[in-house]
Amino acid sequence: MIGKPLRRVEDLPLLLGTGRFAADISLPGQAHLRVVRSPVPHGMLRGVDGRKALSMPGVIGVWSAADLDLGPIGFRMVAFPGMLPYRQPVLAAERVRYVGEPVAIVLADDPYRAEDAADLVELDIESLPPVLDQLQEPAQFDDQNDTEALLHEDGYGDVGAAFAAAPHVVELTVTVGRHTGVPLECRGALADYRPGAGTLDFYGAAKVPHQNRLLLAGLLGLPPQLVVLREAHVGGGFGVRGEVYPEDVLVCWASRLLGRPVKWIEDRNEHLLAANHSRDQVHRIRAAVLADGYITAIDDEFWLDQGAYVRTHAAAVPTLTASMLPGPYQIPAYRVRGHVRLTNKTPAGTYRAPGRYEGTFARERLIDAVASSLGKPAMEIRLSNFISPDQMPYARPMSALGTDLEYDSGDYALLVGKAQARFGLAELEHGLAARRALGEAVGMGCAFFVEKSGLGPYEAVRISVDQSGHIDIITGAGSMGQGFETVITQICAQELGVRPETIRVLHGQTDQIEHAMGAFASRLTVMAGSATLIAAQALREKALAAAARMLEASPRDLELSDGAVRVAGDPDTGISLAQISEALRPDQAARWGLEPSLTADGWHTTDHMCYPYGLHIAVVRVDAGTGQVIAERLLVAYDVGRAVNPMLVEGQIVGGAAQGLGGALLEEFRYDDAGHPQCTTFMDYLLPTRAEMPPVDVLITEDAPSPRNPLGVKGAGEGGTTAMGAAIAAAIDAALGVPLGVKELPVHPEAALRLAKAARRESTSEPGGA
Amino acid sequence: MKPAPFDYIPAASVAEAVAALAELGDGSKVLAGGQSLLPMMNFRLARPDALVDIGGLGELRGVQARERFIEVGALTRHLDLERTGVPGPLGSLLRSAGAQVGHLPIRTRGTFGGSVAHADPASEWCVLAALLDATMTVTSLAGTRTVAAADFFTTIFTTALEPDELLTAVTLPRLDESYRVAVVEFARRAGDFAIVAVMVACSVRNGVIGDARVCLGGVADRPVRSLAAESLLAGQPAGAAAFRAAADAAAAAVSPPADIHGSAGYRRDLVSVLLRRALERMAP
Ligand SMILES: Cc1cc2nc3c(=O)[nH]c(=O)nc-3n(C[C@H](O)[C@H](O)[C@H](O)COP(=O)(O)OP(=O)(O)OC[C@H]3O[C@@H](n4cnc5c(N)ncnc54)[C@H](O)[C@@H]3O)c2cc1C
């Protein structure tokens, strides 16, 4: 079962149209909430006038910050106390800081009427000049603080000495634009506060329901156990969906105020203004390099455009950027300084491969720069700097997401060799060279990366078997469409020797299980998967012990397969899990001298992450007339330790690659000089479609299982994205024959055309050139 | 992204439609395929008080072939034209322009007349109408009048149509067998509105260009004929030298707008590249 491309067990309701997404859930008597948002990037909020809106039919009320008694939204991840002043208020009180910031709410009996009325709420805002560039010197944020929310400094080794002694120093400045995860399903929430009972049910949770329960209960002053978060079907997460945002708090607050259910469904326009943006980093990076290409030190300074506030992810992105930047290379000395700067844009958070997409772009561009300055192939530079398998586990004296940064296992050169052989890279390059000779601008680019996955500290799973032999696996972790249920089913089915059809995975309901961390950081197969294995092992022991009593045999002589326990070598003795479950009914169990209920819990805990790694290869063609970059092929080699379901791993990689390509060529949130967002619809925020996405060849290897979990697995959620920007950039350089031409993502066709023209000028001015 | 309140009036005939428009006045809008109007209403960029839905008027859908021209009914879908059997160079032009309008679902609902009335300066049908000096037939309670393409497109999203007028058909001249035509455009993704669109129709006899028509979309507030290019092509041998000269002249003569999808300079570069490609690729 483990290792097989089992079809997704969660698909049937989706295929039948019986899926239930946030917008599909309704409760009798629900009111509809519409958020009134700031139309200006920065200003003093002098007044909110809801009188006209209140006179509209069906309108229940209009509320603004003055009516609320709620603190700002807290942090969920790596936080520093210095970041506290930058938390986002639920509604803007004195100042508005970005276009789209919630300023007031309108409740009505119908979503159309709510939107009509929201249009009539009058805001009196005195505009202030916006801050729009993270490279600008910090400006004033409020009376006490400037706009640099964090200067994160980290590193190890003697960087100064390494640079002083280095025969070569290579330096460059690179930029990754502002883009983010754009799930097809926008956000949505339905809160149901029951006066009297004092309970609050929240539908539309995703990703981290248990953590969000704590945040929401804390904000509302309710005991966490009276707040129940319920995850429905989720149409994509990507890091963006499922955090606590102002709207989530507002539906809860309004439901408690009105004593009736309150629903809010986000539209796309709102989503592009209100949900977390991401990326948007400028790196100035340098390497100290020996004559043979060995890099003795990296020194990086980066500036992250955090947008208007620091949201739930706090310092997760900058710290991950910093700690993961050295990637697969030894780098004996490293220094990093990351400036988290606030601007008047939508706040930023994590997005698939947070910090790694940016850091990998900076580092792999640096590797390409080192190669070109030494006149060596980039892959040779990579190979001579890789951490070698005999150095594993490799501790970099830093921390990542609060854990010691210690790579668990890996053989990077082996993966490069396998990719070269499987994809026929030498022949591929040969073919491209032939096309270039005929005048086509085609090229191939590579980038190597290390991912992190399986963040702890814990995940829990409960397995129970009912009297029909049906198995429920309960976990608080979330499913956002990635195939979580299938993977958990496979692990359990293998251990218990049962058919996958007898298993159901229940997830993301805070009243079903006390503790959970959630679905992020490519952690679920590692954490919930391992917990499932541990719970299934415990359940198996329990079943064998019971069957031993029932069969009057020794547990050692028994085996569990096909859903039944048998005496080894005696196929006729079968006693099914259903029968065992029946025998363990509370009124029966005592007869056998056993604990009642065929149920077991499993916990997997860890202090360490595990580190998968991969190679991305892009083949692109540049239209030298228009500058359009056409990706012809993408190739991804990825070592996942152990693939529980290779089809799902491949699916994750292909989808991730599309998002990596989007960030490299198309997706960008642009603002005009006055701070107004320019990309608030799908006409202007360009996602790659099927037509822009070339075929992706995927090579999955299992050469470096993780020693840190019983399955040996590593995460697969982000490795399709991580190095795509760097690989596409290198491919464009190769196509145009301009080393280090691409320093900025996304590569607009206009920029590629500029490079192409520069290359033409170069080649025609070359003495003796054709 | 929900429209502001509006009244909805389905029209059963052209007469009913124009009567409704006359009665409702300024605040009303014709609803055809809805592929431009409804998104604008959802974004509340358009807030009509009433929609007069002409979607059910079968008599406005389809192409009438006459000897010297064809008449395209306002409700003819983009897809109808992408698959049209109109013979000769005009048919080629309609098919290749039609294929480049948006995505398939948009082409199945969006209409020729809706595009022309909407007057996006990068719209294929607007560029084609200007290229061929089309004539628009317009009806209101006051009667029927015709408007030449050159007078029809006044500025971005604005035409000579009065609020009470319905565009019923567009007349396009047939192109004789000497014509070579091409549609070349550039968009960042398949199916997006062109950043720059170029259409050409040149009569070529014995290797020499006679009537030369070049129209550009996306470079001004309406589709524009490139008189500079046309005059450099007419009378010249159809070949690289004339094509390059025309392309460069067309680029030099435009002063395109800038937006997040491209600067003015980039659009100018595109005019030159795309026009050259169009001229090189033009075919019967
Ligand atoms: C994603 C997307 C991509 C697109 N890409 C392209 C593209 O590449 N090229 C392109 O040209 N278009 C594109 N479009 C627009 C599409 O072609 C529309 O169908 C077209 O612009 C309008 O035609 P319609 O029939 O849908 O008109 P509607 O949306 O119904 O109406 C548009 C406007 O014209 C008016 N109107 C419509 N019919 C008449 C009439 N008979 N008389 C008077 N007024 C009338 C309406 O009142 C309204 O103001 C795209 C649209 C979308 C959503």
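Residues numbered from 1 in each chain as written. Chains lettered and ligands numbered in written order. Predicted model: local features only at pLDDT ≥ 70, side-chain atom pairs only at ≥ 80, totals over all residues. Heavy atoms only, no water.

1. Remarks on the state of the cysteines
All names here are of chain B.
Right, so step 1: With the rule as written, the count across this model stands at zero disulfides over all chains.
Right, so step 2: In this structure cysteine 215 is not part of a disulfide, and its nearest cysteine sulfur, from cysteine 126, lies 9.5 Å away.
Right, so step 3: Under the relative-accessibility criterion, cysteine 215 is labelled buried at 0%. (Disulfide = S-S within 2.5 Å. Buried < 20%, exposed > 50% of the residue type's maximum accessible area, 1.4 Å probe, protein only.)

2. A look at the site of the ligand
All names here are of chain B.
Right, so step 1: Every one of the 31 residues lining the ligand counts as a neighbour, but Val30, Ser36, Leu37, Thr111 and Glu124 are closest to it.
Right, so step 2: At a separation of 2.7 Å, an oxygen atom of the ligand approaches a polar backbone atom of glycine 34.
Right, so step 3: Starting from 950 Å² of accessible surface for the ligand in isolation, the protein chains cover 91%.
Right, so step 4: Broken down by secondary-structure element, the contributors of at least two residues to the shell around the ligand are strand 2 (28-31), helix 6 (112-118) and strand 10 (166-173).
Right, so step 5: It is helix 6 that provides the largest number of residues to the shell around the ligand, a total of four residues. (Near = heavy atom within 4 Å. Polar contact = N/O pair within 3.5 Å; in protein donor to acceptor, adjacent residues only side chain to side chain. Areas by Shrake-Rupley, 256 points an atom, 1.4 Å probe, with all protein chains shown as cover. Helix = DSSP H or I, 4+ residues; strand = E, 2+ residues; numbered from the N terminus.)

3. Let's talk about unusual backbone geometry
All names here are of chain A.
Right, so step 1: Each neighbour pair has its own omega, and for methionine 392 with proline 393 the value is -10°, a cis peptide bond.
Right, so step 2: Checked against the element boundaries, proline 393 lands in the loop between helix 10 (378-385) and strand 16 (394-400).
Right, so step 3: Cis geometry marks the peptide bond from glycine 456 to proline 457, where omega comes out at -5°.
Right, so step 4: You can see proline 457 is positioned in the loop between strand 18 (442-450) and strand 19 (458-465).

4. Quick look at the domain arrangement of chain A
All names here are of chain A.
Right, so step 1: Here chain A is partitioned into domain 1 (21-130 + 197-265), domain 2 (278-454 + 608-765) and domain 3 (458-605).
Right, so step 2: The distance between the C-alpha centroids of domain 1 and domain 3 comes to 40 Å.
Right, so step 3: Across the boundary between the two partners, domain 1 contributes 17 residues, which contact 19 residues of domain 3.
Right, so step 4: Taking both sides of the interface into account, the surface hidden between domain 1 and domain 3 amounts to around 1,400 Å²; carbon and sulfur atoms contribute 49%.
Right, so step 5: Three residues, Lys207, His210 and Glu231, lead the burial of domain 1 against domain 3; their summed loss comes to 45% of the area buried on that side.
Right, so step 6: Seen at the junction of domain 1 and domain 3, the total is one salt bridge.
Right, so step 7: For the salt bridge of arginine 230 with aspartate 511, the shortest nitrogen-to-oxygen distance reads 3.2 Å.
Right, so step 8: If you look at where domain 1 meets domain 3, you find 10 residue pairs in polar contact (both at pLDDT 80 or more).
Right, so step 9: Of all elements in the fold, only helix 5 (209-220) and strand 11 (227-231) reach the threshold of two or more residues within the side of domain 1 that touches domain 3.
Right, so step 10: The leading source of residues in the side of domain 1 that touches domain 3 is strand 11, at five residues.
Right, so step 11: Residues that form the side of domain 1 that touches domain 3 fall into these classes: seven nonpolar, four polar and six charged. (Domains from an automatic or database assignment. Contact = heavy atoms within 4.5 Å. Buried area = accessible area lost by both parts, 1.4 Å probe. Salt bridge = Lys/Arg side-chain N within 4 Å of Asp/Glu carboxyl O. Nonpolar A, V, L, I, M, F, W, Y, C, P; charged D, E, K, R; others polar.)

5. A few points about the packing of helix 9 (residues 356-374) of chain A against helix 18 (residues 724-736) of chain A
All names here are of chain A.
Right, so step 1: Two numbers describe how helix 9 lies on helix 18: the axes approach to 8 Å, and their chain directions differ by 35°. Here helix 9 and helix 18 pass one another in a crossing that is right-handed. On the side of helix 9, the interface is formed by Tyr357, Thr360, Phe361, Glu364, Arg365 and Asp368, while helix 18 contributes Gly725, Ala726, Ala729, Ala730 and Asp733.
Right, so step 2: A class-by-class count of the residues in the contact of helix 9 with helix 18 yields five nonpolar, two polar and four charged. (Axes fitted to C-alpha atoms, helices over the stretch in contact; angles between N-to-C directions. Left-handed = near helix turned anticlockwise from the far one by under 90°.)

6. Things to note about the side chain of Asp192(B)
Right, so step 1: Examined against the element boundaries, Asp192(B) turns out to sit in the loop between strand 11 (179-186) and strand 12 (196-205).
Right, so step 2: Not counting chain neighbours up to four residues away, the residues in contact with Asp192(B) comprise Leu686(A) and Ala187(B).

7. Regarding the nonpolar core
All names here are of chain A.
Right, so step 1: In terms of nonpolar packing, the biggest core is built from 115 residues, with Tyr407, Tyr412, Phe448, Leu665, Ile728 and Ile732 touching the most fellow members.
Right, so step 2: When we break this core down by domain, the ones giving at least three residues each are domain 2 (278-454 + 608-765) and domain 3 (458-605).
Right, so step 3: Counting 42 residues, the second-largest nonpolar core is a separate cluster that includes Ala493, Ile503, Leu577 and Ala583. (Core = buried A, V, L, I, M, F, W, Y, C linked by side-chain atoms within 4.5 Å.)

8. Considerations on the confidence of the model for chain B
Right, so step 1: With 100% of its residues at a pLDDT of at least 70, chain B reaches an overall mean of 97.
Right, so step 2: The ipTM, which scores confidence in the relative placement of chains, is 0.96 for this predicted complex, and the corresponding pTM is 0.97. (pLDDT = per-residue confidence, 0-100.)

9. Observations regarding the domain arrangement of chain B
Residue and element names in this part refer to chain B.
Right, so step 1: If you check the domain split of chain B, you get domain 1 (7-53), domain 2 (58-172) and domain 3 (180-281).
Right, so step 2: Each of domain 2 and domain 3 has a C-alpha centre, and these two points are 21 Å apart.
Right, so step 3: Tallying the contact residues gives 24 residues for domain 2 and 23 residues for domain 3.
Right, so step 4: Between domain 2 and domain 3, the buried area comes to about 1,900 Å², and carbon and sulfur atoms account for 64% of it.
Right, so step 5: Among the residues of domain 2 in contact with domain 3, Pro121, Val127 and Leu131 are the three that bury the most area, contributing 29% of the side total.
Right, so step 6: In this assembly, domain 2 and domain 3 are joined by two salt bridges.
Right, so step 7: The partner of aspartate 133 in a salt bridge is arginine 213, with the nearest N and O atoms 3.1 Å apart.
Right, so step 8: If you look at where domain 2 meets domain 3, you find nine residue pairs in polar contact (both at pLDDT 80 or more).
Right, so step 9: Those elements that provide at least two residues to the side of domain 2 that touches domain 3 are helix 4 (88-99), helix 7 (124-131) and strand 8 (153-155).
Right, so step 10: Take the side of domain 2 that touches domain 3: its biggest share by element is six residues, from helix 7.
Right, so step 11: Along the lines of polarity and charge, the residues of the side of domain 2 that touches domain 3 split into 13 nonpolar, eight polar and three charged.

10. Thoughts on the sheet that holds strand 7 (residues 143-148) of chain B
All names here are of chain B.
Right, so step 1: Strands sit in the order 4-5-10-6-7 across an open sheet of five strands; the sheet is antiparallel. Across the chains shown, the open sheet's two edge strands, defined by having one partner strand only, are strand 4 (63-65) and strand 7. Adjacent strand axes in the sheet meet at a mean angle of 25° when their direction is disregarded.
Right, so step 2: Across five bridges, the pairing between strand 6 (residues 135-140) and strand 10 is antiparallel. Across the sheet, the residue bridging to threonine 137 is alanine 169, located in strand 10.
Right, so step 3: This element, helix 1 (residues 14-24), spans strand 6 and strand 10 of the sheet and lies at about 120° to strand 10. (Pairing = 2+ DSSP bridges.)

11. A few points about the pattern of salt bridges
Right, so step 1: Applying the stated criterion across every chain, the model contains 71 salt bridges over all chains.
Right, so step 2: Across the pair Glu459(A) and Arg523(A) runs a salt bridge whose closest N-O atoms are separated by 2.5 Å. Highlighted residues: Glu459(A) in strand 19 and Arg523(A) in the loop between strand 21 (503-507) and helix 14 (524-551), separated in sequence by 64 residues. No difference in accessibility class separates Glu459(A) from Arg523(A), as the two residues are buried.
Right, so step 3: With a shortest N-O distance of 3.3 Å, Arg205(B) and Asp176(B) are connected by a salt bridge. On the criterion of sequence distance, the pair formed by Arg205(B) in strand 12 and Asp176(B) in the loop between strand 10 and strand 11 is long-range, its members being 29 residues apart.
Right, so step 4: Relative accessible area serves as the criterion here: at 35%, Asp176(B) is assigned to the partly exposed category.
Right, so step 5: Connected through salt bridges with shared partners, the residues Arg34(A), Arg37(A), Glu115(A), Asp116(A), Asp119(A), Arg187(A), Glu247(A), Glu266(A), Asp267(A), Glu270(A), Arg44(B) and Arg47(B) form a single ionic network.

12. Brief notes about the sheet that holds strand 8 (residues 168-179) of chain A
All names here are of chain A.
Right, so step 1: Across the sheet, which stays open at both edges, the six strands sit in the order 7-15-14-13-8-29 with mixed pairing between neighbours. Either end of the sheet is taken by a strand with one partner, and the two such strands are strand 7 (148-156) and strand 29 (744-745).
Right, so step 2: One ladder, built from two bridges, connects strand 8 with strand 29; its direction is parallel. The residue of strand 29 that forms the bridge with valine 176 is leucine 745.
Right, so step 3: Across the sheet, helix 9 lies against strand 8, strand 13 (278-289), strand 14 (295-307) and strand 29, angled at about 145° from strand 8, the strand it touches most.

13. Considering the interface of chain B and chain A
Right, so step 1: On the side of chain A, 32 residues touch chain B, which itself brings 25 residues to the contact.
Right, so step 2: Here chain B packs against chain A, burying approximately 2,500 Å² in sum over the two surfaces, 54% of which is carbon and sulfur.
Right, so step 3: When the buried area of chain B at its contact with chain A is split by residue, Arg188(B), Arg189(B) and Ile260(B) rank highest and sum to 31% of it.
Right, so step 4: The interface formed by chain B and chain A holds six salt bridges in total.
Right, so step 5: For the salt bridge of Arg277(B) with Asp623(A), the shortest nitrogen-to-oxygen distance reads 2.6 Å.
Right, so step 6: Scanning the region where chain B abuts chain A turns up 20 residue pairs in polar contact (both at pLDDT 80 or more).
Right, so step 7: Per-element tally for the side of chain B that touches chain A: the top contributor is helix 11 (residues 264-281) of chain B, with six residues.
Right, so step 8: Of the residues assigned to the side of chain B that touches chain A, the class counts are 14 nonpolar, three polar and eight charged.

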